[in-house]
Amino acid sequence: MASTVLKLEGIEKSFGGVRALKGVDLEIGAGEIHCLAGENGSGKSTLIKVISGVHEPDAGWIEIGGRRFTQLSPIEAISLGVQVIYQDFSVFPNLTVMENLALNMELMDKRAFMNYRRARSIASRAVAQIGFDVDLDERVENLSVADRQLIAISRALLQNSKLIIMDEPTSALTKKEVKSLFSLIKELQSRGISILFVSHKLDEVFEISERYTILRSGENVAKGSTTELDHRAFAFHMTGREFSAESYRPAGPRGEPILSVRGVSLRGCYSGISFDLAPGEILGITGLLGSGRTELVETLFGITQPDSGTIEVRGLPAKIRSVKDAIRKGLGYVPSDRLTEGLFLPQAIDRNAVIAVLDRLSNGFGFLRRKAVAETTLRWIRELSIATKDPSLPVRTLSGGNQQKVVLARWLANDLSVLILNGPTMGVDIGSKYDIHALMRKLASEGLAIIIVSDDLPEVLACASRIIVMREGAFVRELDPASTTESVLGELSTGVA
Amino acid sequence: MITARRFFARSEPWVLAAIVILSLLIQARSGQFFTGNNLVDLARAFIVPGLLSIGCMMVIVSGGIDVSFTAVAALAMYITDKILLQSGYEGNVILAYAMSAGFGLLMGALNGFLIAFLRLPTLVVTLGTGSLFTGLMFGAFSASASDVPPAIVAHGKETLFTAVNSDLGLSSNMPSQILILVGMLFLAFLLLRYTMLGRGIYAIGGDEAAAERAGFNVRAIKMFLYCLVGVLAGITGISRISMMAYADPSTFQGMELTVIAAVVLGGTRVTGGLGTLTGTILGIALMMILANSLILIGIPTYWSRAFTGAVIIIGTGVTAHQIASTHRSQRDLKKT
Amino acid sequence: MKKILTVTLGLLLCVCIAAPLFGQTYDAAKFKSSKPQSQWKIALVPKDATNAWFVRMEQGVKRYAADTKINVFQKGPPKTDAAMQAQVIEDMIAQGVDAICVVPVDIAALEPVLGQALSKGIVVIAHEGSSLENILFDIEAFSNEGLGQALMQVLAKSMGEKGSYTTMVGNVTNASHNEWADAAVAYQKTKYPNMALLAAEPRVEIMDNLDTAYQRAKELFKKYPTLKGILGTSSLSTPGTARAIDELGLKGKAFVTSVGMPNENKPYLKSGTVQAVMLWDSAEAGYAMLAAAVAVLKGEKIANGINLKAKGWESMQFAPGSKKVLLGKSWVNITKDNVDSFGF
């Protein structure tokens with residue numbers, strides 16, 4: 001390893017008696033891409049704030065560029081070449097690209113007046129560093145998320161950075177954008193800039209970083225070279241739990257189908273879809289974005305109406321004209337974007353959990369029976385181990401995995417026959433992901449019929465008892481997960497061998 | 001660089017177009033709009049709301065809302081007026097302005113302290129202080145309409161020029177207070193555009209956390225802002241009573257809503273971050289032309305409120321629609 | 001369902017119990033005093049002891065004392081405050097006065113204490129408090145109709161009884177302002193055939209704001225060059241309009257009058273822009289209140305036509321449908337000659 005850019009030793013930090021960091025070490029070499037991984041609450045964010053000078057550590061020391069500190073100010077950190085790119089990028093959406101790039105520099109230089117000529121030259125210099133082609137006079141709110149990130153990166157580079165810390169940089173990016181971000185990171189690396197990449201996404205850690213440090217509950221649990229890390233070890237370090245990755249097999253013989261779909265078509269989305277689903281089964285539907293998988297399950301849930309074909313529930317023809325119809329027939333749906341479609345974020349957890357069963361929990365006058373609400377909520381919070389102190393807190397205070405569990409709780413509170421999950425673990429941390437998988441298996445073994453729609457192939461393989469691959473609106477093939485692999489599924493989805 | 005797309009995405013051109021159309025309508029209905037004395041009358045009506053709109057716009061840009069500035073203006077001018085009357089002051093009006101601005105500063109500092117340091121929501125704070133100041137005025141000072149000291153009377157008689165409408169034999173005087181408005185607008189322009197303090201106001205309105213991280217002293221900026229609003233309100237108070245030579249403590253009542261509506265009409269984003277002085281001036285101009293031309297258009301009194309309300313709804317609706325559509329296009333961007 | 005029934009019944013019961021409290025009438029004849037006149041003590045409680053309007057009222061009280069040698073005095077709260085006023089009245093009851101005359105700050109705040117006074121046999125007379133329940137009589141300076149006519153007389157005189165005019169109210173929702181204006185217009189139609197109400201803008205609203213009055217007046221004179229007069233109701237109409245007349249150069253060509261305060265209008269009265277504004281004299285009102293109280297104490301019957309001996313209060317008439325509210329014809333034209341004599 002080349003010379004060290006940053007070295008932390010024995011960093012401790014407590015907040016009001018809660019020990020967030022319990023003696024953490026971290027070492028990053030010059031020009032190294034280092035991944036800091038850990039679940040929510042593992043102390044990642046606190047550690048970043050210690051490095052950037054926002055928090056003063058209670059014990060331990062920080063060595064940057066060969067100088068040792070027991071505490072840092074934000075200004076010192078910046079002047080030493082440490083820059084943080086926050087998850088929200090810390091940009092001003094209402095100001096122009098030019099001002100976003102120049103303001104921080106001007107403030108660092110303690111300027112009292114704004115000089116637009118100087119600002120423009122700073123801004124041009126900033127974007128030129130990474131060959132970022134953008135209209136300097138555009139307002140940032142009119143740019144894509146990826147472009148905002150590039151602005152944050154260009155701005156960070158202006159300060160002669162030696163180490164750039166990126167906090168969950170891919171969380172709002174599309175796959176394509178993630179690719180170009182990664183090539184930019186490599187480009188920065190080639191200039192000798194070190195990157196501390198904070199993430200909990202395994203694939204990214206493997207793809208981009210050379211070395212890793214994993215934190216759990218404020219402690220170092222693992223570090224080393226990424227090449228020596230595998231999926232299971234990563235999941236174990238992150239969560240401290242062993243996960244077995246066997247596939248799901250329904251117990252006993254297949255019963256009468258609860259849901260039968262016969263030749264349903266919706267123009268421009270999918271055509272000629274037929275399948276049966278029996279209690280106890282988990283049907284995995286996979287396919288690329290735009291393969292018609294989401295449109296299909298939205299039809300099942302009554303959000304769209306098919307042009308032709310029939311749907312039967314418990315052997316009887318079912319006309320599902322609306323979501324209300326679907327719920328009445330015992331169908332439940334958890335959409336992929338739970339943040340915008342499934343939850344009322346500012347509302348309390350308990351309210352969110354019971355919203356689908358309000359009819360059952362209200363008395364003859366239409367008033368809510370508060371006690372019944374409280375009981376139902378508590379039951380599901382326990383059952384799903386939702387990590388919250390108080391069910392009356394708003395849902396947005398929860399982590400992604402726990403938010404997802406609230407959505408599940410909502411449906412499970414309603415006696416369901418078929419549960420449809422679209423991207424059930426998208427953006428969810430590993431621990432919660434395994435919890436959700438286990439929960440699905442448990443529910444299926446108790447007789448629920450489940451459909452999961454996902455392009456997370458390991459997930460489909462691990463959970464489904466049958467897999468259907470969709471491409472361009474049609475079913476390509478039905479597979480048994482026990483006798484197939486990720487690469488087969490991938491080839492079928494893309495049509496490229 | 002201003003491209004055509006960017007130009008029409010702003011609200012200023014639309015407000016300006018509305019003003020032109022309204023002016024032509026009034027001219028067609030009355031033949032009196034484009035006369036020197038009518039324009040002077042409108043300019044005169046423009047002064048007080050114009051002065052108040054400067055601070056109001058800055059607060060909204062910073063992501064807050066202030067509904068107390070009219071109460072500040074009324075109380076500052078009333079105390080000043082009473083003190084000067086009782087002391088028999090005979091000197092220059094500048095002292096009146098300075099005193100009233102000083103009282104405004106104190107009241108603004110109270111707002112600023114509650115908002116910047118105790119981090120209370122701006123609407124709640126200013127609703128509270130607004131009631132408090134009005135309550136003090138009518139309670140502690142048992143305010144009622146009052147004379148004004150000779151310095152203010154004399155100031156009110158200062159006329160820059162007189163516009164004469166020879167057809168009707170009517171004339172109108174341009175009051176000297178218009179210079180105060182022009183001066184304040186110029187200072188506000190410099191502040192907002194060319195100082196880091198001014199840019200900080202926009203930055204806070206865009207993203208307060210980002211502003212803090214970038215190195216803006218957010219508390220100091222907010223404190224300054226609310227103090228400035230207080231000072232402007234104090235100055236406005238004296239301008240108002242000098243133009244009528246009469247201090248009526250309820251003269252500002254309800255004006256805050258007109259001013260806020262005009263500021264929003266002028267394209268200032270209600271959620272903060274965006275807003276220009278040009279837009280604000282145009283918004284106020286539109287509102288004032290409207291308010292002071294209903295008789296010229298020939299709209300009966302009983303319909304005037306409905307008419308004004310409709311214009312506000314349509315005007316702010318257009319602005320809101322623009323915001324909504326930019327949001328929509330951003331969301332589409334994210335999805336692809 | 002049960003709950004709703006209970007609540008409804010409860011509410012009904014409350015209404016039944018409370019009903020006698022409303023619309024209670026007192027028999028004035030029972031308040032005849034048995035004491036000799038020399039031992040009577042009558043207090044007049046104004047809204048505010050220091051306000052110029054009530055300082056002027058006290059002159060009427062002193063004149064009444066001098067005229068009748070009865071012990072009458074004025075005692076008001078140090079500032080306009082409903083609670084303080086109630087306190088003053090309680091003090092008066094404790095002092096054992098025989099009659100209380102009051103100009104109420106807040107109707108609701110005074111009802112209990114005035115009820116207490118009546119129950120102790122104290123005569124209660126109000127002025128500008130026609131909706132008070134616990135009083136024997138309320139005397140008002142004028143009827144809406146009378147004031148409207150008087151305003152029209154002033155405007156017609158200024159305009160030479162000919163030309164176009166319009167009306168200006170404080171607020172289109174203000175009932176009495178509209179009644180004054182309606183009465184004025186009706187009076188013009190019968191008395192001044194050469195005058196004409198401006199049909200396009202028969203009623204202009206100034207939102208109870210001086211500056212708005214000024215702006216509206218300017219607009220009116222621009223839009224309607226033949227307009228010669230404005231009949232205002234709100235006291236802000238005249239100073240606002242007069243300033244517009246001066247500035248537009250219409251002095252002597254356009255005229256305005258309204259209810260108005262002497263000081264506010266002094267410059268325009270002195271310069272001749274305004275010929276007269278109307279007001280009732282608080283000194284006369286004070287004098288009349290005391291006269292009404294004394295009439296009750298003497299056991300005189302209060303009926304239509306009663307003379308309260310103050311100027312404009314000589315022939316009081318009950319308001320239509322009321323047995324408590326008496327209306328006078330007491331207004332004064334404030335002109336450049338008497339404007340200095342009021343002290344406010």
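Please read these numbers as outputs of a predicted model, since none were measured by experiment. (Residues numbered from 1 in each chain as written. Chains lettered and ligands numbered in written order. Predicted model: local features only at pLDDT ≥ 70, side-chain atom pairs only at ≥ 80, totals over all residues.)

Observations concerning the overall build of chain C
Okay, step 1: When helices and strands are counted, chain C shows ten helices and 14 strands.
Okay, step 2: If you line up chain C on its principal axes, its C-alpha atoms span 70 × 65 × 40 Å.
Okay, step 3: With 344 residues in all, chain C has 51% of them scored as buried.
Okay, step 4: When contacts within chain C are restricted to residue pairs at least 6 apart in sequence, long-range pairs at least 24 apart make up 70% of them. (Helix = DSSP H or I, 4+ residues; strand = E, 2+ residues; numbered from the N terminus. Buried ≥ 20, exposed ≤ 12 C-beta atoms within 10 Å, placed from the backbone. Contact = placed C-beta atoms within 7 Å.)

Points about the overall build of chain B
Okay, step 1: Secondary structure assignment for chain B yields 15 helices and two strands.
Okay, step 2: Compactness check: chain B gives a C-alpha radius of gyration of 21 Å against a globular reference of 20 Å for 336 residues, within 12% of the reference.
Okay, step 3: Along the three orthogonal principal directions, the C-alpha set of chain B runs to about 70 × 50 × 35 Å. (Rg over C-alpha atoms; globule rule 2.2 N^0.38 Å.)

Concerning the sheet that holds strand S10 (residues 219-225) of chain A
All names here are of chain A.
Okay, step 1: If you trace the six strands from one edge of the open sheet to the other, you get S6-S7-S8-S3-S9-S10, paired in mixed fashion. Of all strands in the sheet, those bounded by a partner on one side alone are strand S6 (82-85) and S10. Looking at each pair of strands side by side, their axes are set apart by 15 degrees on average, direction ignored.
Okay, step 2: In this sheet, strand S8 (residues 194-199) lies alongside strand S7 (residues 163-167) in parallel orientation, the contact comprising five bridges. Looking at the pairing, isoleucine 164 lines up with isoleucine 195 of S8.
Okay, step 3: With respect to the sheet, helix H1 (residues 44-51) is in contact with strand S3 (33-37), S6, S7, S8 and strand S9 (211-216), its orientation differing from that of S7 by roughly 150 degrees. (Pairing = 2+ DSSP bridges. Axes fitted to C-alpha atoms, helices over the stretch in contact; angles between N-to-C directions.)

Some details on the arrangement of the chains
Okay, step 1: Inter-chain contacts occur across two pairs of chains; the most extensive set of contacts lies between chains B and C.
Okay, step 2: Separating chain A from chain C is a minimum C-alpha gap of 10 Å, and the two share no contact.

Brief notes about helix H11 (residues 218-244) of chain B
Okay, step 1: Helix length check: H11 of chain B, at 27 residues, gives a terminal C-alpha distance of 39 Å against a target of 39 Å (1.5 Å per residue), a fit within 8%.
Okay, step 2: Alanine 245 of chain B lies just past H11 of chain B and shows a positive phi near 50 degrees. (Expected span 1.5 Å × (residues − 1).)

Details of the pairing of strand S20 (residues 474-479) of chain A
Okay, step 1: With five bridges joining them, strand S19 (residues 466-471) of chain A and S20 of chain A adopt antiparallel strand pairing. Paired with isoleucine 467 of chain A across the strands is leucine 479 of chain A, a residue of S20 of chain A.

Considering the sheet that holds strand S4 (residues 123-127) of chain C
Residues and elements named next belong to chain C.
Okay, step 1: Read from one edge to the other, the open sheet built from seven strands follows the order S2-S1-S3-S4-S5-S13-S12, with strand pairing classed as mixed. Two strands bound the open sheet, and with one partner strand each, they are strand S2 (71-74) and strand S12 (317-318).
Okay, step 2: On the sheet, helix H2 (residues 52-68) packs against strand S1 (41-45) and S2 and is oriented at approximately 170 degrees with respect to S2.

Re the domain arrangement of chain C
Quoted interface sizes are often the accessible area lost when the parts come together.
Okay, step 1: Domain parsing of chain C yields domain 1 (26-142 + 282-330) and domain 2 (144-279).
Okay, step 2: Between the C-alpha centres of domain 1 of chain C and domain 2 of chain C the distance comes to 33 Å. (Domains from an automatic or database assignment.)

Overview of the interface of chain B and chain C
Okay, step 1: Between chain B and chain C, the contact holds 25 residues from the first and 26 residues from the second.
Okay, step 2: Of all the secondary structure elements, the ones that give two or more residues to the side of chain B that touches chain C are helix H3 (36-61), strand S2 (170-175), helix H14 (294-297) and helix H15 (301-335) of chain B.
Okay, step 3: Tallying contributions element by element places S2 of chain B first for the side of chain B that touches chain C, with four residues.
Okay, step 4: Residue classes in the side of chain B that touches chain C are distributed as ten nonpolar, twelve polar and three charged. (Nonpolar A, V, L, I, M, F, W, Y, C, P; charged D, E, K, R; others polar.)

Considerations on the interface of chain A and chain B
Okay, step 1: Each side of the interface is counted separately: chain A has 21 residues, and chain B has 22 residues.
Okay, step 2: The greatest single-element share of the side of chain A that touches chain B, amounting to six residues, is contributed by helix H3 (residues 97-108) of chain A.

Thoughts on the confidence of the model for chain B
Reading fine detail from the predicted coordinates is not recommended where pLDDT is low.
Okay, step 1: Scored by pLDDT, chain B has a mean of 88; 93% of the residues are at 70 or more.
Okay, step 2: Confidence over residues 330-336 of chain B falls short of pLDDT 50; this stretch has three contacts with residues more than four positions distant or in other chains. (pLDDT = per-residue confidence, 0-100.)

Topic: helix H9 (residues 293-300) of chain A
Residues and elements named next belong to chain A.
Okay, step 1: Counting buried positions along H9 gives six out of eight residues, so the element sits mostly inside the fold.
Okay, step 2: All buried positions along H9 are accounted for by Arg293, Thr294, Leu296, Val297, Thr299 and Leu300.
Okay, step 3: Positive phi shows up at glycine 302, right after H9, with a value of about 85 degrees.

A look at the nonpolar core
When a protein is soluble and globular, its nonpolar side chains tend to lie buried together.
Okay, step 1: One finds Leu75 of chain B together with Ile100, Val124, Ile125, Leu290, Ala292 and Ala293 of chain C to be the most contacted residues of the largest nonpolar core, which totals 274 residues.
Okay, step 2: In this structure, alanine 292 of chain C is in contact with Ile125, Phe137, Ile139 and Leu308 of chain C, ignoring residues within four places of it in sequence.
Okay, step 3: By size, the runner-up hydrophobic cluster in this structure holds 60 residues, among which are Ile258, Ala409, Leu419 and Val469 of chain A. (Core = buried A, V, L, I, M, F, W, Y, C linked by C-beta atoms within 7 Å.)

With respect to unusual backbone geometry
Generally, phi is negative for residues other than glycine and the peptide bonds are trans, each holding for most cases.
Residues and elements named next belong to chain A.
Okay, step 1: For asparagine 160, which is not glycine, the phi torsion reads 55 degrees and is therefore positive.
Okay, step 2: Relative to the helices and strands, asparagine 160 resides in the loop between helix H5 (145-157) and S7.
Okay, step 3: Assessed through the 11 C-beta atoms surrounding it within 10 Å, asparagine 160 is described here as exposed.

Description of the environment of glutamate 90 of chain C
Residues and elements named next belong to chain C.
Okay, step 1: Relative to the helices and strands, glutamate 90 is located in helix H3 (residues 82-94).
Okay, step 2: On the basis of neighbour counts, which here come to 14 C-beta atoms within 10 Å, the residue glutamate 90 falls in the partly exposed class.
Okay, step 3: Considering only alpha carbons, one finds glutamate 90 and alanine 117, 27 residues apart in sequence, at a separation of 8.2 Å.

As for the pairing of strand S2 (residues 18-29) of chain A
Residue and element names in this part refer to chain A.
Okay, step 1: Note that strand S1 (residues 4-15) and S2 share nine bridges and pair antiparallel. In the strand pairing of S2, leucine 8 is matched with leucine 26.
Okay, step 2: Counting the residues between successive antiparallel strands, the hairpin from S1 to S2 contains two residues, one of them, glycine 16, with a positive phi of roughly 50 degrees.

What to know about the packing of helix H8 (residues 177-194) of chain B against helix H9 (residues 196-206) of chain B
Residues and elements named next belong to chain B.
Okay, step 1: It is at 5 Å that the axes of H8 and H9 come closest, and there the two elements cross at 70 degrees. One finds that H8 runs roughly perpendicular with respect to H9. Packed against H8, whose contacting residues are Leu191, Leu192 and Arg193, the element H9 presents Leu197, Gly198 and Ile201 at the interface. (Parallel < 35°, antiparallel > 145°, perpendicular 65-115°, else oblique.)

Points about the packing of helix H4 (residues 69-86) of chain B against helix H6 (residues 122-138) of chain B
All names here are of chain B.
Okay, step 1: Two elements in contact, H4 and H6, have axes separated by 8 Å at closest approach and are oriented at 30 degrees. In terms of orientation, H4 lies roughly parallel with respect to H6. Crossing angle aside, the handedness with which H4 passes H6 is left-handed. Between H4, through Ala71, Val72, Ala74, Leu75 and Tyr78, and H6, the contact on the second element is made entirely by Gly130, Phe133, Thr134, Leu136 and Met137. (Left-handed = near helix turned anticlockwise from the far one by under 90°.)

A few points about the confidence of the model for chain C
All names here are of chain C.
Okay, step 1: The share of residues in chain C with pLDDT of 70 or more is 93%, and the mean pLDDT across the chain is 88.
Okay, step 2: In the predicted structure, residues 16-23 sits below a pLDDT of 50 and forms one contact with residues beyond four places in sequence or in another chain.
Okay, step 3: For this predicted complex, the interface score ipTM comes out at 0.87, while the overall pTM is 0.76.

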